[in-house]
Amino acid sequence: MKHKKQIDIFIEGVKRYFDHLTFEEELLEIGAPYLVRNSERLGLDYTGAISITGDSKGYVFFSSTSPLLKYILLGHGASNFSEEYLGDIVGEIANTISGNARSHMGAEFHISPPKVIVGEINKYNMNLNSRSYVLPIRWRRNSAQLIVSLEENEQLL
Amino acid sequence: MLKQLFGKYRFLVISIALFLIFDIGVLVLNIYTSGKIAEQTELINLAGRQRTLTQQMSKATQYIRAQKLQQWVYQSGLAELRDQFDVFGATIKAFNEGGQTTSAETGAIVSVAKVETPEGRAILAEATTLWRGFEQAISPLMIDVLITDEEIEPASEFIAANNLKLFDQMNRLTEHFTHESEKQTTFLRMAQIGGITLATINFFVILFHFLKQLRGRDRRLEIKQHESDQILDTINEGVFLVDENLSIGGQHSRHLEEVFDTKRVSGRRLSRFLSAYFPEKIVKTALEYTRLYFQSHINPDLIADVNPLKRVKATVAQSSGEVFEKYLDFSFAPLRQENDKRAILVSVNDVTDSILLEEQEEKNEDQVERQLALFSQILPINPDDLEVFIDECLSGFEQLNQTLKNNKNVTDNYDQTLARMFRETHKLKGSASALSFSWISNQLHDFESSIEGLQKQGERKILRGQDLLTLTIQLRQMYESIETVSDLGDRLKAYGIKHIAAQAANALDVSNEKQPVENKRWFGLRDFAEGIAKEENVAVDVSLRGFSEALEPHIGETLYPIAVQLIRNSIAHGVESRKTRQCLRKPNSGQISLSISHDSLGNYRFVYEDDGRGFDYDGIRASLAARGVMSKSSAAKLSKNELVQNAFRDNLSTREGVDQNAGRGVGLSLVWEQVKLLEGNLKIRSVENEFTQFIVDFSMSEEPKEPLISRHVA
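Remember, it's a predicted structure, so these values are computed and weren't measured experimentally.

A.B. asks: Hey, could you run me through the overall build of chain A in this one?
C.D. replies: When helices and strands are counted, chain A shows 3 helices and 8 strands. Taken from the N to the C terminus, the helices and strands of chain A come in the order α-β-β-β-β-α-α-β-β-β-β. A burial count over chain A gives 43% of its 157 residues as buried. Of the contacts made within chain A by residues no fewer than 6 positions apart, 70% connect residues no fewer than 24 positions apart.

A.B. asks: Whenever I open this one, the environment of A647 of chain B confuses me. Can you help?
C.D. replies: You can see A647 of chain B is positioned in the loop between α21 (640-646) and α22 (667-677). Along the primary structure A647 of chain B and S669 of chain B are separated by 22 residues, whereas in three dimensions their C-alpha atoms are 7.8 Å apart.

A.B. asks: What am I meant to see in the interface of chain B and chain A here?
C.D. replies: Reports often express the size of an interface as the amount of accessible area lost when the parts come together. Taken together, the contacts link 32 residues of chain B with 26 residues of chain A. Secondary structure elements with two or more residues in the side of chain B that touches chain A: β5 (312-317), β6 (323-336), α10 (352-378), α11 (383-405) and α14 (469-494) of chain B. Across the side of chain B that touches chain A, the residue classes tally to 11 nonpolar, 13 polar and 8 charged.

A.B. asks: Whenever I open this one, unusual backbone geometry confuses me. Can you help?
C.D. replies: In most cases, non-glycine residues show a negative phi, while peptide bonds are predominantly trans. The phi torsion at R140 of chain A lies on the positive side, around 50°, for a residue other than glycine. Within the fold, R140 of chain A resides in the loop between β7 (131-139) and β8 (142-152). Its identity is not glycine, yet S436 of chain B carries a phi of approximately 55°, on the positive side. Look at S436 of chain B and you get partly exposed, because 17 C-beta atoms sit within 10 Å.

A.B. asks: It is not clear to me how helix α12 (residues 414-434) of chain B should be interpreted in this structure. Could you clarify?
C.D. replies: Helical periodicity: at 3.6 residues per turn, an α-helix aligns residues three or four positions apart in one direction. All names here are of chain B. The first and last C-alpha atoms of α12 sit 30 Å apart over 21 residues, in line with the 30 Å expected at 1.5 Å per residue. Among the 21 residues in α12, 17 count as buried, and that is most of the element. Following α12 by one or two positions, S436 has its phi on the positive side, about 55°.

A.B. asks: Help me understand the confidence of the model for chain B in this model?
C.D. replies: Detailed reading of the predicted model is not advised wherever pLDDT is low. Residue and element names in this part refer to chain B. Within chain B, residue pLDDT values average 83, and 90% of them lie at 70 or more. Of all secondary-structure elements in chain B, the lowest mean pLDDT belongs to helix α15 (residues 500-508), at 52, while strand β10 (residues 603-610) reaches the highest, 92. Considering only residues more than four positions removed or in separate chains, one finds that residues 508-513, a stretch of pLDDT under 50, has 2 contacts. Interface confidence for the predicted complex, given as ipTM, is 0.92, next to a pTM of 0.54.

A.B. asks: What should I look at first to understand the environment of G619 of chain B in this one?
C.D. replies: By the element assignment, G619 of chain B lies in helix α19 (residues 617-626). Along the primary structure G619 of chain B and A647 of chain B are separated by 28 residues, whereas in three dimensions their C-alpha atoms are 9.9 Å apart.

A.B. asks: Looking at this structure, how should I read the packing of helix α13 (residues 438-460) of chain B against α14 of chain B?
C.D. replies: Packed helices, taken two at a time, are described by their axes: the angle between them and the distance between them. Residues and elements named next belong to chain B. In contact at an axis separation of 10 Å, α13 and α14 are set at 170° when each is read in the N-to-C sense. Looking at the two axes, α13 sits roughly antiparallel to α14. Residues I440, Q443, D446, F447, S450 and I451 of α13 touch α14, and the partners they reach there are T470, L471, Q474, Q477, M478, S481, I482 and V485.

A.B. asks: Would you mind going over the sheet that holds β6 of chain B with me for this structure?
C.D. replies: By definition, the strands of a sheet pair up through backbone hydrogen bonds, in either a parallel or an antiparallel sense. Residue and element names in this part refer to chain B. Reading across from one edge, β4-β3-β7-β6-β5 is the order of the 5 strands in this open sheet, with antiparallel pairing throughout. Bordering the open sheet on either side are β4 (248-252) and β5, each of which pairs with just one other strand. With direction set aside, neighbouring strand axes in the sheet form an average angle of 40°.

A.B. asks: I keep staring at α14 of chain B and nothing clicks. Help me out?
C.D. replies: Taking 1.5 Å of rise per residue, the 26 residues of α14 of chain B would be expected to cover 38 Å, and the 37 Å separating its terminal C-alpha atoms lies within 8% of that figure. Of all the positions in α14 of chain B, only L469, L471, T472, I473, Q474, L475, R476, M478, Y479, S481, I482 and V485 of chain B are classed as buried.

A.B. asks: Looking at this structure, how should I read the pairing of strand β2 (residues 109-112) of chain B?
C.D. replies: On any regular strand, side chains alternate: one points to one face of the sheet, the next to the other face. Residue and element names in this part refer to chain B. Pairing analysis gives 4 bridges linking strand β1 (residues 99-102) to β2, with the strands arranged antiparallel. When the bridges of β2 are listed, T101 appears paired with V110. Where β1 hands over to β2, the hairpin turn is made up of 6 residues, of which G107 adopts a positive phi near 80°.

A.B. asks: What am I meant to see in the packing of α10 of chain B against α14 of chain B here?
C.D. replies: All names here are of chain B. At a minimum axis separation of 11 Å, α10 and α14 run at an interaxial angle of 75°. Classified by the angle their axes make, α10 and α14 are roughly perpendicular. Residue-level inspection shows Q371, L374, F375 and I378 of α10 in contact with α14, the latter providing V485, L488, G489 and L492. Its residues assigned to classes, the contact of α10 with α14 comprises 6 nonpolar, 2 polar and no charged.

A.B. asks: Would you mind showing me how to read the pairing of strand β12 (residues 691-699) of chain B here?
C.D. replies: Residues and elements named next belong to chain B. Side chains T692, F694, V696 and F698 of β12 all project onto a buried face; the interleaved residues F691, Q693, I695, D697 and S699 project onto a face where none is buried. Bridge count between β10 and β12: 8 bridges; the pairing is antiparallel. Considered in β12, the bridge of N603 is made with S699. Sheet topology places strand β11 (residues 681-687) next to β12; 7 bridges connect them, and they run antiparallel. Note that in β12 the partner of I684 across the bridge is F694. What sits between β11 and β12 in their antiparallel hairpin is a turn of 3 residues, with N689 showing a positive phi close to 60°.

A.B. asks: What's the story with the environment of V542 of chain B in this structure? I'm lost.
C.D. replies: Residues and elements named next belong to chain B. Looking at the secondary structure, you find V542 in strand β8 (residues 540-545). For V542 and I567, which are 25 residues apart along the polypeptide, the C-alpha to C-alpha distance reads 9.1 Å. Once you skip the residues sitting within four places of it in the chain, V542 turns out to touch L525, R526, A529 and I592.

The rules behind the values
Residues numbered from 1 in each chain as written. Chains lettered and ligands numbered in written order. Predicted model: local features only at pLDDT ≥ 70, side-chain atom pairs only at ≥ 80, totals over all residues. Helix = DSSP H or I, 4+ residues; strand = E, 2+ residues; numbered from the N terminus. Buried ≥ 20, exposed ≤ 12 C-beta atoms within 10 Å, placed from the backbone. Contact = placed C-beta atoms within 7 Å. Nonpolar A, V, L, I, M, F, W, Y, C, P; charged D, E, K, R; others polar. Expected span 1.5 Å × (residues − 1). pLDDT = per-residue confidence, 0-100. Axes fitted to C-alpha atoms, helices over the stretch in contact; angles between N-to-C directions. Parallel < 35°, antiparallel > 145°, perpendicular 65-115°, else oblique. Pairing = 2+ DSSP bridges.

Structure representation (structure tokens):
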């Protein structure tokens, strides 16, 4: 259940961002997590990606639809919804996840700075035969996903 | 030092010494010749004066002769003549013997060296002879102020006759001296040219020699530089120097840049450089350890023995943002530089591959052990059954995942989701148990336990999506497990290994029934039942009828879980112990029969029957009350028919405690779900202590039908 501990930390990072944003944690809803084959399409409109190296290796993506990001930008008082601005927001959320993970996971893990991906996630470095966890997120009726793609360093068998 | 000078720099010293000798020689010669020229000039002047004096003496004699009558007049001429006579005489004497005379220019006394040249001496000899005649002729005029005719006449005549001769000889002497002077000058010039030429040649020899040496040295340096560059470029080790200030030197191997994926190495502080790749603790250790090498009193071999920087883990972030873990070995070698300063040669080796290989080997050993254990479970399973089971699992897991995914609305009530998942899992667990595949059935059992835990949690609070994460993680593990099984199955097939059961069956040929490939696993239910019976400490005989014909896959896949669940139920709840059965005059082994039949219209009947104790109505009542479905009194009022219907509720079990075979209370509920899949009717007949019978009627015709459950309780 190592993954559970790690995913809980990532969820906490997401919550921390939205908590800070709205002061209303209850507004953020996380649905039942499910699995997606890495060979299938991953990611919504904009994705903030961080890579993790340590006992578990892999990627954590915060992927969001444009409306959710626009909603956040509106909250910031912005009127410019350009691709760059929307990308900045997912990057910021991924950065919060990364920062939270860094403080909880310790020196055994190395967590990279976030990268922003527009559109489908490039799975160049991912094991296409494996499966990623998808945690559906809803915030003010807009959807996003926390996608966690972890590979154990030790094999199942 | 001298040895060094005359060794390495001998050529230079000799060259410079020669240069100085040439220069000094020319200088000395110059000084000497200049002196000679000055002397010669003096002689020329003196000879020139002698020439003039011959004329002046002639003139004075003529004057005295002309004025002889006027004594007071010729006195001045006489005085001049006497001076001229003295000067001439003294000078010619000096020429002949060396001595003093007055300078022609300044009138001062000058020393004159004896004329030594043969030509000069010959001229002087002639002139001296002639001069003696002059002396004889003039000397009477030197005595008194009064000159007589006897004195002046012969003198005047002699001088008139010889003065030109003497003049000519003095002229020749002057020319001789001039010639000698020119010879001196020419010699000096030649000597100067010779000296300067030699000095110049020497200078160019030195110049070319040094240019050659410099060029040779530069070339050697270039070759050395090129060689060291080549070594640093090709060496398969990260190498760099660290000085006493713990700063990295200017040169390093190219491999170092590859190891740390950076070009920023030279001149950096070691601490800052390492901090980018290692945790603070390791950086501190590295710095403390490096400092030890600069302490002269500690033996370097001793320090090397305690090197803590072996197999240290570095985190290297590439420019692409990707992060790699590397295992590195550091080694240190102290160096003493030319200026007597100390430096440390640090070598870095990337040992990631060998460490990963070691880890992989360890893992492989574990893996081989686990694989062997798994092989021992897979080998007895008929490969066709295994294939069907793998497909069933993959499809079942897909359904479980889909069930999770379908909860679009995060505020969903998860009760139904969990119940659906439980049934699916239970069905799969049944199939796994039927194959005695404990590795998978245990995982499914754990998954069931997790679902049950969440269901209980759901009774206390509203479940949120995040709470189901445990299930998703377990589901992923089960996916991986079944994929591993599939992989092993394929490998077994590839190696042509037949399963043990198949071999055993072929060898003994115990059954005369011809079993179609598709139905083989139905006959495997006998082993499954015997396995459970052993665990429950009872005995059973399973008979199958109608399975010699191939079943349609959909029918087989739907009925099989029903059979599995009912066999579980019969053995866990129905079949009595041998002792009880004897009291009831039943056969020692519980009799379980399964049959399938159909008519020409595609109407099927599946009948399952056991000769056990029948439904435990009191147990159902107690369970209903315990689970809070209804009060005890309400439960007490329920008819047997109603009780049987309630037995099909989720999570209702009459068994205390949970094990692999029963207790979840999901078996009958699953049976009903499967019947619904077939759109069939379920009839149940049960006589206490006699039998329980389940009849599933379904049709494969296209006519619409409604699933129905009916109970017949005797």
